[in-house]
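Structural description and commentary
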Amino acid sequence: MQNGHIYIVDDNKDIRDLTGRYLTQHGYKTSTAEDGRALRALVKAGLPDLVVLDIMMPGEDGLSICRFLRETTQVPVILLTAMADETDRIIGLEMGADDYLVKPFNPRELLARIKSVLRRTQSLPPRKLHDIETSTFAKFDRWKLDVRARELIDENDVSYVLSTAEYMLLSVFLLHPNVELDRDKLLDLARGREAQLFDRSIDNLVSRLRRKVELDIKKPELIKTVWGKGYIFSSEVELI
């Protein structure tokens, strides 16, 4: 039984081949690419279940490729990074990578992280952020979200710019209206637990979003607190 299809993107042929063989031995189908151009050709032919992506590559680097994947697909990404590349690692996670692994790595750890990411992403409710990204607008309450511009528009056509973190969190709420979401689930749905963009405080991010969408932040009507659990988005949502 095949566990999934993994794309391995690395300019080092030995890493590509060794990783590919190891994952194949553990039931995964693998395809390899030495650079962004080769990956784009693979993506054009079909999407994988997950991409293992090296950051440090000549020509187009892994961060640029990660941005391309996030803008065009909802495929999970695990970054491979050198020990000293902390800034690149954080940027990659903020772009929406689901996890990272420091080189040199143990193939068993990579396998464990692949399984963890796939369990998390494949167990999510059917509607994912991709559903928002393929829409033009999301309408709720007195608001309209311009998906491409990532701006909120009120009933008076006044626009408010959202940060990347605010947009991602709002997207999760819009795709799961009237559903109780605990903090762990919000972290998972909004691009993964490892994202330092979120792990500082999901509550602070909720407060920031409330300041933009609520009429009275002291008495929130849209993003309600479920005491001891998390939050619930209390509005009907229309994707158009």
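The structure contained in this document is the topic of the report that follows. Here the structure is a predicted model, which is why all the values come from computation and not from measurement.

Quick notes on unusual backbone geometry
Working note: non-glycine residues mostly have negative phi, and peptide bonds are mostly trans. The omega angle of the peptide bond from Lys103 to Pro104 is -10°, so this bond is cis rather than trans. In this model, Asp141 sits at a positive phi of 50°, which is unusual for a non-glycine residue. Unusually for a residue other than glycine, Asp157 sits at a positive phi of about 65°. If you trace the backbone, Asp157 turns up in the loop between β8 (151-153) and β9 (159-161). The exposure class of Asp157 is exposed, given its relative accessible area of 62%.

Focus on helix α1 (residues 13-25)
For α1, spanning 13 residues, the distance from its first C-alpha to its last is 18 Å, which sits close to the expected 18 Å at 1.5 Å a residue. Regarding α1, its N-cap is Asn12, as a side-chain oxygen of that residue lies 2.9 Å from the backbone nitrogen of Asp14 further along. One or two positions beyond α1, positive phi appears at Gly27, with a value near 95°.

Quick look at the packing of helix α7 (residues 164-175) against helix α10 (residues 202-213)
Two numbers describe how α7 lies on α10: the axes approach to 10 Å, and their chain directions differ by 85°. As the angle between them shows, α7 and α10 are arranged roughly perpendicular. Touching Ala165, Glu166, Leu169, Leu170 and Phe173 of α7 are Ile202, Leu205, Val206, Arg208, Leu209 and Lys212, all from α10. Residue composition of the contact of α7 with α10, by class: 8 nonpolar, no polar and 3 charged.

A closer look at the pattern of salt bridges
Taken as a whole and assessed by the stated rule, the structure comprises 10 salt bridges. For Arg113, the salt bridge is made with Glu109, and the minimal N-O distance between the two is 3.1 Å. Residue Arg113 and its partner Glu109 are located together in helix α5 (residues 107-122), separated by 4 residues, close to a single helical turn. On the basis of relative accessibility, which here comes to 22%, the residue Arg113 falls in the partly exposed class. Here Glu166 and Lys212 are joined by a salt bridge, their closest N and O atoms 2.8 Å apart. You can see Glu166 sitting in helix α7 and its partner Lys212 sitting in helix α10, a full 46 residues away along the chain. According to the relative accessible area criterion, Glu166 is buried, its value standing at 5%. Taken together, the salt bridges that share partners define one network made up of Asp10, Asp54 and Lys103.

Structural notes on the sheet that holds β8
Taking strand neighbours across the sheet as the criterion, the 5 strands line up as β9-β8-β7-β6-β13 in an open arrangement whose pairing is antiparallel. Whereas interior strands pair on both sides, the edge strands pair on one side only; in this sheet they are β9 and β13 (237-239). Pairs of neighbouring strands in the sheet enclose a mean axial angle of 20°, with direction left out of account.

A look at the nonpolar core
Of all hydrophobic cores here, the largest spans 28 residues; its most connected members are Phe140, Leu170, Phe173 and Ile223. Contributing elements (two or more residues each) for this core: β6 (137-140), β7 (143-146), α7, α8 (183-189), α10 and β12 (230-233). In terms of residue count, α7 provides more of this core than any other element does, 8 residues in total. When sequence neighbours within four positions are dropped, the list of residues in contact with Leu170 reads Phe140, Leu145, Leu152, Leu162, Leu209 and Phe233. One finds Tyr7, Leu39, Met57 and Phe68 within the second-largest nonpolar core, a separate group that totals 19 residues.

What counts and what doesn't
Throughout, residues of each chain are indexed from 1 in the direction in which the sequence is written. Where local features are concerned, this predicted model is filtered to residues with pLDDT of at least 70; where side-chain atom pairs are given and counted, the filter is 80 or more; whole-chain, interface and lining totals use all residues. Side-chain metrics rest on all non-hydrogen atoms present in the structure, leaving aside hydrogens and water. What counts as a helix is a DSSP run of H or I of at least four residues, what counts as a strand is a run of E of at least two, and both are numbered from the N terminus. For every residue, the accessible area obtained with a 1.4 Å probe (protein chains only) is divided by the maximum for its type, and the residue is called buried under 20%, exposed over 50%, and partly exposed between those limits. For a helix, the expected span equals 1.5 Å multiplied by the residue count minus one. What qualifies as a polar contact is a pair of N or O atoms within 3.5 Å, subject to a donor-acceptor requirement within protein and to the restriction that residues adjacent in sequence count only when both atoms come from side chains. Think of each axis as a best-fit line through the C-alpha atoms, taken over the contacting stretch in the case of a helix, with angles from 0 to 180 degrees between the N-to-C directions. Angular relationships are summarised with four words: roughly parallel below 35 degrees, roughly antiparallel beyond 145, roughly perpendicular across 65 to 115, and oblique for the angles in between. Here, residues are in contact when the closest pair of their heavy atoms is within 4.5 Å. Each residue is assigned to one class: nonpolar for Ala, Val, Leu, Ile, Met, Phe, Trp, Tyr, Cys and Pro, charged for Asp, Glu, Lys and Arg, and polar for all the others, Gly among them. Here a salt bridge means any side-chain nitrogen of Lys or Arg lying within 4 Å of a carboxyl oxygen belonging to Asp or Glu. Strands pair, by our definition, only if DSSP identifies at least two bridges between them. Among the buried residues, those of types Ala, Val, Leu, Ile, Met, Phe, Trp, Tyr and Cys that are joined through side-chain atoms within 4.5 Å form a nonpolar core.

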